[in-house]
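Chain residues, written in single-letter form:
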Amino acid sequence: LEKVPTQDAIAESIEQNAAGRNDDLIGLVRILDSIEGPYSLLLDAQWGDGKTFFVKSLVEVLKVLNSNINNDQKITSSLKSVTDELKNVETPFLPFYFNAWENDFEEDPISALFANMAIAFDEMGLTKERSLQKCIVSVVDTSLSAIHVLPRGVSKISEAFAGESLIKAYGERVLLRERISELAEKSIREVANKLVIIIDELDRCRPDFAVRLLEQTKSLFQSDNIIVIISTDSLQLAHAIAGLYGPDIDSQHFIERFFDSRLTLTPADACKVITGEPQHSTSHTYDLLRRELSNAHNLAIR
């Protein structure tokens, strides 16, 4: 019964405001419009509360708001209840979603992130612009170490880029930061004013992988038009860090140094998400039992 956040499911959810989070989407876009990078946001919610569905919905909203990205007319019309409220937002955003847990097999997180970015931008049709294509290749070239297993689709991207190699020596960190700055400040400007990098499922990763990814994103994404959103359950992430460094570390304080601010995702009406209808106050025995169990166990959507 779990809803997978496909484009169609997202369109339906936003059109019906099934999770009651359309106002949260609108508010978050306005926050992104108002802040200047480099900036990092922690989007915090407990496991099973619909974080992935929410941030993938954010990606679709940001894409529709950017006229430089070709969007399906169906989803454009389905998102009108949200995008109409954001007509005064003039900033074109370029969103990129990265599932950290799906790439947890890599030794170097930032290499996997940029490889996936190359694939995502190619699927959006953005790499048809030669300067952007070359810039992405330059960043991926510098960031990818010689790993044995590559994210699915990298070989296809390599062919699309006319044989330019995607895998070279890791390079020096200073050079990598310079090339990221070039990507963000020059080539991305062709299609957007702000690059929004969304890193999801960090709390499900190996502690060492999660910490390295946090450290690398904090140190490398220092351009004025880059905003990083980390979507995670901060409590579970703190437990993982305590397991890595030992129980004596103040793990909550440790992770806070990676974020400029924290946003807590408001709990959704789980009953409405699942059934399409909110919980009604009825005297039917089944409804009473369901409501009693739901309230007693503080059930999340999942």
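Above this note sits the structure.
A short tour of the structure in this document, coming up.

Conventions used here
- Residues numbered from 1 in each chain as written.
- Predicted model: local features only at pLDDT ≥ 70, side-chain atom pairs only at ≥ 80, totals over all residues.
- Heavy atoms only, no water.
- Phe/Tyr/Trp six-rings, centres within 6.5 Å; stacked < 30°, edge-to-face > 60°.
- Buried < 20%, exposed > 50% of the residue type's maximum accessible area, 1.4 Å probe, protein only.
- Lys NZ or Arg CZ within 6 Å of the ring centre and 35° of its normal.
- Helix = DSSP H or I, 4+ residues; strand = E, 2+ residues; numbered from the N terminus.
- Lys, Arg positive; Asp, Glu negative; His and termini not counted.
- Salt bridge = Lys/Arg side-chain N within 4 Å of Asp/Glu carboxyl O.
- Contact = heavy atoms within 4.5 Å.
- Pairing = 2+ DSSP bridges.
- Axes fitted to C-alpha atoms, helices over the stretch in contact; angles between N-to-C directions.
- 1 Å grid on protein atoms, 1.4 Å probe; cavity = no way out; pocket = protein on both sides within 12 Å on 5 of 7 lines; lining within 4 Å.
- Points joined across faces, edges and corners; volume = space filled by probe spheres on them.
- Nonpolar A, V, L, I, M, F, W, Y, C, P; charged D, E, K, R; others polar.
- Core = buried A, V, L, I, M, F, W, Y, C linked by side-chain atoms within 4.5 Å.

### Re the packing of aromatic side chains
For step 1, the next point in the chain: In total, this model carries four aromatic pairs according to the counting rule given.
For step 2, the next point in the chain: Ring geometry for Y245 and F254: centres 5.4 Å apart, planes at 55°, overall tilted.
For step 3, the next point in the chain: Take F254: its relative accessible area is 12%, and that puts it in the buried class.
For step 4, the next point in the chain: Among the aromatic residues, ring-to-ring pairing joins Y245, F254 and F258 into one connected group.
For step 5, the next point in the chain: The lysine or arginine in question, R204, covers the ring of W101, its NZ or CZ lying 3.6 Å from the ring centre.

### Here's the deal with the side chain of D200
For step 1, the next point in the chain: Secondary-structure assignment places D200 in strand β3 (residues 194-200).
For step 2, the next point in the chain: Buried and unpaired, D200 has no salt bridge, with K51 as the nearest side chain of opposite charge at 6.2 Å.
For step 3, the next point in the chain: Apart from the residues within four sequence positions on either side, D200 is in contact with T52, V55, Y97, F98, N99, A100, W101 and S231.

### Observations regarding the sheet that holds strand β4 (residues 226-232)
For step 1, the next point in the chain: An order of β2-β3-β4-β1-β5 is seen for the five strands of this open sheet, with the pairing classed as parallel. Two strands lie at the open edges of the sheet, namely β2 (93-99) and β5 (261-264), each paired on one side alone. Taken over all neighbouring pairs, the strand axes of this sheet differ in orientation by 20° on average, direction set aside.
For step 2, the next point in the chain: In the packing of helix α2 (residues 22-34) onto the sheet, the strands contacted are β1 (39-44), β2, β3, β4 and β5, and the crossing angle to β3 comes to about 130°.

### Some words on the layout of surface pockets
For step 1, the next point in the chain: Space inside the second largest pocket adds up to approximately 520 Å³.
For step 2, the next point in the chain: Mapped onto the lining of the second largest pocket, the elements with two or more residues apiece are α13 (270-275) and α14 (285-297).
For step 3, the next point in the chain: Top contributing element to the lining of the second largest pocket by residue count: α14, with five residues.
For step 4, the next point in the chain: Class assignment of the residues belonging to the lining of the second largest pocket gives a composition of twelve nonpolar, seven polar and four charged.

### Examining the nonpolar core
Generally speaking, a soluble globular protein has its nonpolar side chains buried in company with each other.
For step 1, the next point in the chain: By size, the foremost hydrophobic cluster in this structure holds 39 residues, and its most contacted members are L94, L113, F121, I197 and I199.
For step 2, the next point in the chain: Going through the elements one at a time, β2, α6 (109-123), β3, α10 (207-220), β4, α11 (234-245) and α12 (251-256) are the ones with two or more residues in this core.
For step 3, the next point in the chain: Looking at this core, the element that brings in the most residues is α6, giving seven residues.

### What about the environment of I249?
For step 1, the next point in the chain: Tracing the sequence through the fold places I249 in the loop between α11 and α12.
For step 2, the next point in the chain: Relative accessible area serves as the criterion here: at 26%, I249 is assigned to the partly exposed category.
For step 3, the next point in the chain: Measuring from C-alpha to C-alpha, the distance between I249 and A238 comes to 9.7 Å, with eleven residues separating the pair along the chain.
For step 4, the next point in the chain: Setting aside anything within four residues of it in sequence, one finds I249 in contact with I241, A242 and F254.

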